[in-house]
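Close look at the chain arrangement
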Amino acid sequence: ILVDIADAELGLGNARKALEILGQIDAKKIDRKALIYARIVAAASRIAQGQSEAAGVSLKEVDRNFILEMIQRQPQENEWSRLLARWDEIHSQIAS
């Protein structure tokens with residue numbers, strides 16, 4: 001739920017607050033989907049703060065590959081498709 005709260009803060013324009021919330025998450029205690037989501041929100045927060053290089057560090061190609069694999073395994077699970085779209089959106093912002 002902390003990732004959702006961080007994402008909401010980002011949506012409200014509070015990128016710094018989003019990163020603070022993400023910093024409270026123990027990556028060892030959340031599932032892979034939540035971890036990928038957290039990395040995406042972290043990258044988006046860094047972009048919002050003008051830190052594109054730092055955003056690139058948060059976004060992992062291995063996560064995109066995992067998302068694609070899960071879309072093939074669970075095509076009915078729309079959450080994976082949403083994560084992929086968000087990952088691609090953030091990646092394109094970093095690349096430009």
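Everything discussed here concerns the structure shown above.
Rules used in this analysis
- Residues numbered from 1 in each chain as written.
- Predicted model: local features only at pLDDT ≥ 70, side-chain atom pairs only at ≥ 80, totals over all residues.
- Heavy atoms only, no water.
- Helix = DSSP H or I, 4+ residues; strand = E, 2+ residues; numbered from the N terminus.
- Contact = heavy atoms within 4.5 Å.
- Salt bridge = Lys/Arg side-chain N within 4 Å of Asp/Glu carboxyl O.
- Buried < 20%, exposed > 50% of the residue type's maximum accessible area, 1.4 Å probe, protein only.
- Arc of directions from axis to C-beta.
- Expected span 1.5 Å × (residues − 1).
- Axes fitted to C-alpha atoms, helices over the stretch in contact; angles between N-to-C directions.
- Parallel < 35°, antiparallel > 145°, perpendicular 65-115°, else oblique.
- Left-handed = near helix turned anticlockwise from the far one by under 90°.

Let's talk about the side chain of S58
- Relative to the elements of secondary structure, S58 occurs in helix α4 (residues 52-58).
- Apart from residues no more than four positions distant in its own chain, S58 is found in contact with R39, A42, A43 and R46.

So, the pattern of salt bridges
- Counted under the stated rule, the structure contains 7 salt bridges.
- Between D88 and R64 there is a salt bridge, and its shortest N-O distance comes to 2.7 Å. Of this pair, D88 sits in helix α6 (residues 78-95) while R64 sits in helix α5 (residues 61-73), placing them 24 residues apart in sequence.
- Under the relative-accessibility criterion, D88 is labelled partly exposed at 27%.
- Of the residues examined, R64 reaches a relative accessible area of 21% and is grouped as partly exposed.

Brief notes about helix α2 (residues 15-22)
- All of the buried residues in α2 are A15, A18, L19, I21 and L22. Burial along α2 is one-sided: seen end-on, the buried residues are contained in an arc of 160 degrees.
- Here the buried face of α2 lies against α1 (2-11) and α3 (32-48).

Structural notes on α5
- Taking 1.5 Å per residue as the helical rise, α5 with its 13 residues ought to reach 18 Å, and the 19 Å between its terminal C-alpha atoms agrees with that figure.
- All buried positions along α5 are accounted for by D63, F66, I67 and M70. Viewed along the axis of α5, the buried residues span an arc of 105 degrees, placing them on a single side of the element.
- On its buried face, α5 is in contact with α3 and α6.

Description of the packing of α3 against α5
- Closest axis-to-axis distance for the α3/α5 pair is 11 Å, and the angle between their directions is 135 degrees. By the criterion of interaxial angle, the relationship of α3 to α5 is oblique. Classified by chirality, the crossing of α5 by α3 is left-handed. From α3, R32, I36 and R39 reach across to α5, where they touch V62, D63, F66 and I67.

Focus on the environment of Q93
- Looking at the secondary structure, you find Q93 in helix α6.
- Judged by its relative accessible area of 32%, Q93 is partly exposed.
- In this structure, the C-alpha to C-alpha distance between Q93 and I47, residues 46 residues apart in sequence, is 7.9 Å.

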